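# Fold and contact review
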Amino acid sequence: MNEALALPPRLVMRDLMLTAFTQKGRVFLITFCVMALSVAIAVMVQPDYKAKSSLLVLIGNEHSLRPIAGQQMLSTGGVDPEQVLRTEASIIGSDDLHRTVIREIGIGNLFPKLMQKPSAFEQWLTDVKTFVTDSLGLTEKSTDTGASDPMSKAVEIFARNLTVTVDKKSSVIGLDFTNPNKTLSAEALRVLEAQYLDLRAKLYGDVQAPIVQVQQDAVGKQLAAADAALQTFKQQHDISNFSERRAILLKQQGELETALTKSESTIAEQTARLTQLTAQLASVAGSKKGAPNAAAALQGMVSAYQKRQEDAATQYRGSPAVDEARRQMLERETDIARMQATQAYGVQTDRNKTEADLRASLAGHDAISAQLAALNKQVGDLDAEELQLHQLERNRAILEDNFKAVSKILDERQVVETVEANRESSVRVIQPPRIPALPQPTRRLILTAGIVVSMLLSIASILISHFFRAIYLRPEALEMDTGLTVLASVPEMRAIGGSSGSVLVVPA
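This text gives an overview of the structure that appears in the document.

About the thresholds
- Residues numbered from 1 in each chain as written.
- Predicted model: local features only at pLDDT ≥ 70, side-chain atom pairs only at ≥ 80, totals over all residues.
- Heavy atoms only, no water.
- Helix = DSSP H or I, 4+ residues; strand = E, 2+ residues; numbered from the N terminus.
- Buried < 20%, exposed > 50% of the residue type's maximum accessible area, 1.4 Å probe, protein only.
- Contact = heavy atoms within 4.5 Å.
- Areas by Shrake-Rupley, 256 points an atom, 1.4 Å probe, with all protein chains shown as cover.
- Axes fitted to C-alpha atoms, helices over the stretch in contact; angles between N-to-C directions.
- Parallel < 35°, antiparallel > 145°, perpendicular 65-115°, else oblique.
- Left-handed = near helix turned anticlockwise from the far one by under 90°.
- Core = buried A, V, L, I, M, F, W, Y, C linked by side-chain atoms within 4.5 Å.
- Nonpolar A, V, L, I, M, F, W, Y, C, P; charged D, E, K, R; others polar.
- Pairing = 2+ DSSP bridges.
- Phe/Tyr/Trp six-rings, centres within 6.5 Å; stacked < 30°, edge-to-face > 60°.
- Salt bridge = Lys/Arg side-chain N within 4 Å of Asp/Glu carboxyl O.
- Patch = residues over 30% accessible without salt bridge, like charges linked within 9 Å, V, L, I, M, F, W, Y side chains within 5 Å.

On a plain count of helices and strands, the protein chain comes out with 16 helices and six strands. In the protein chain, which comprises 508 residues, the proportion classed as buried is 27%. In the protein chain, the proportion of contacts linking residues at least 24 apart, taken out of those at least 6 apart, comes to 81%. Accessible surface computed for the protein chain: about 33000 Å², of which carbon and sulfur atoms make up 59%.

Structure, rendered in structure tokens:
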């Protein structure tokens, strides 16, 4: 029957119509079965309600490069809006976000069938599916428990029911969610948007203040340790202030050196006077060797006077005039001796006083020398400790500058984060989710699909019957296939076994 295609189109269409008429019972049966099945499915299927919402995504600071705390804002290139939209859509489609929404609404409320115990037939289908997938190695045994988890199934169903559309031209993200309960369809979108905005704030949140706070605490501890080390060093070395301490020591050193110079001058003067008094005492007492003694000289003079007086009484007796003259001479000598003794006593007294002052001056000189030596040692120690003191002070100054810098960065960062926390999100809700009034045309689509399937099956049945039949409907087709002339044809008769007709063929 390949040559049947070479017939004129009008004849072919007529043959097809004739085949359809002859197969009208089969076409009706196919149409009836398919439509009955479609009606049954449409009745069994529960219609879904679709809630809609739309979000406007604006380009904000969170989409640009954010510097580390303390650094200046760097100038970067423009942000790709398409990339921003894809990022936002990926956040909305994340399983963790869906899991949060399901937990808040409840699996039993959102997908009640998941909480129901499966029937024996459903359990048998699940077991067969698991056996087949395990046998073919399509799944791992470790995922069996996860597959039976209601939350995992709920997340999978939620992702199927959620539709995220991205309009790159208008920077709008459309959200659709279907559920048999029209109230829950809108509620799921509302919770999804709220959780999405919270998750987005956490993901884009640039919270660096706690890190800077830790740095400030660490620098503060170091600064406190440096202050304690400096104060301990000053207390141990009796230094309240290095410059003041140095000035005080140098002033005391100058005063001691001046006092030492005065003491040496006084000692020199007293030594010279002592020498002079010694010479005077020697000349008065008549002693040329050693240190004269006024009492001894006076005692010697008295002894000499008494001896002379005794000699005058015993040996030199004569005339009264001679005796008187001798007596007067002795008296004069006695007076001279007394005067000399008095003068020698005064000189001795001055000499003793001068010696005492000299000893006191020498003792004072030694004390001043000891104090000056100790003070010089303190100045030397202070000079030796100056480097360590300067290191401690420099370390403290550096830590203090670091603490001020970190505190300034912390204050600025806290202000920035406070402003960002109170700033409105760059994602705005254009159309909030509302409860849908009409369900999805699921049943209508099922009936339409049934009609289309029944028509396709009927057409396929007609074509199969037409191209694969064992008889000819027209003489022309027989002539084309055999190359012979058809003289006559017998019309269709019910007596001939329901055939479509027969023809008589003779050689041309």
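Further notes follow.
Here we come to the packing of helix H4 (residues 95-105) against helix H10 (residues 182-204). Where H4 contacts H10, the axes come no closer than 9 Å and their chain directions differ by 130°. Taken together, the axis directions place H4 and H10 in an arrangement best described as oblique. Between H4 and H10 the crossing geometry is right-handed. Between H4, through Leu97, His98, Thr100, Val101, Glu104 and Ile105, and H10, the contact on the second element is made entirely by Leu184, Glu187, Ala188, Val191, Leu192, Gln195, Tyr196 and Leu199.

Core analysis: the largest hydrophobic core is formed by 32 residues, its most contacted members being Ile92, Ile102, Leu110 and Phe158. Per-element tally for this core: the top contributor is H10, with eight residues. Dropping the residues within four chain positions of it, Phe158 is found in contact with His98, Val101, Ile102, Leu110, Phe111, Phe177 and Ala188. Leu249, Leu260, Ile368 and Val379 belong to the second largest nonpolar core, which has eight residues in total.

Okay, the side chain of Ser361 next. With respect to the helices and strands, Ser361 occurs in helix H14 (residues 320-422). By relative accessible area, which is 12% here, Ser361 ends up buried. Residues in contact with Ser361, not counting those within four places in the same chain, are Ser263, Thr266, Ile267 and Gln270.

Here the focus is the packing of H4 against helix H9 (residues 150-161). Taken N-terminus to C-terminus, the directions of H4 and H9 make an angle of 110°; their axes are 9 Å apart at the nearest point. One finds that H4 runs roughly perpendicular with respect to H9. When H4 is examined against H9, the residues Asp95, His98, Arg99, Val101, Ile102 and Arg103 are found in contact with a partner set consisting of Met151, Ala154, Val155, Phe158 and Ala159. Here the contact of H4 with H9 is built from residues that sort into seven nonpolar, one polar and three charged.

If you trace the four strands from one edge of the open sheet to the other, you get S2-S3-S1-S4, paired in antiparallel fashion. Edge positions in the sheet fall to strand S2 (162-167) and strand S4 (427-431), since each of these pairs with one other strand and no more. Recorded for the sheet is a direction-independent mean angle of 25° between the axes of neighbouring strands. One ladder, built from four bridges, connects strand S1 (residues 49-57) with S4; its direction is antiparallel. Bridged to Leu56 within S4 is Arg428.

Attention now goes to the packing of aromatic side chains. Following the criterion strictly, the structure yields two aromatic pairs and no others. Taking the centre distance of 6.3 Å and the plane angle of 20° together, the rings of Phe28 and Phe32 count as stacked. Here Phe32 and Phe28 lie together in helix H2 (residues 24-44), a separation of four residues that amounts to about one turn. Judged on exposure class, the residue Phe28 and its partner Phe32 are both exposed.

A few words now on unusual backbone geometry. A positive phi is found at Ser171, a non-glycine position, where the angle reads about 55°. In this structure, Ser171 sits in the loop between S2 and strand S3 (172-179).

Time to look at the pattern of salt bridges. Applying the stated criterion across every chain, the model contains 10 salt bridges. The partner of Glu156 in a salt bridge is Arg160, with the nearest N and O atoms 3.4 Å apart. With Glu156 and Arg160 both in helix H9, this residue pair falls four residues apart, about one helical turn. Its relative accessible area of 49% is what places Glu156 among the partly exposed residues. Under the relative-accessibility criterion, Arg160 is labelled exposed at 55%. Taken together, the shared-partner salt bridges connect Asp227, Arg396, Glu400 and Lys404 into one network.

A cluster of nonpolar side chains, Phe121, Trp124, Leu125, Val128, Phe131, Val132 and Leu136, forms an exposed patch at the surface whose accessible area comes to about 750 Å². With relative accessibility at 60%, the residue Leu136 sits in the exposed group.

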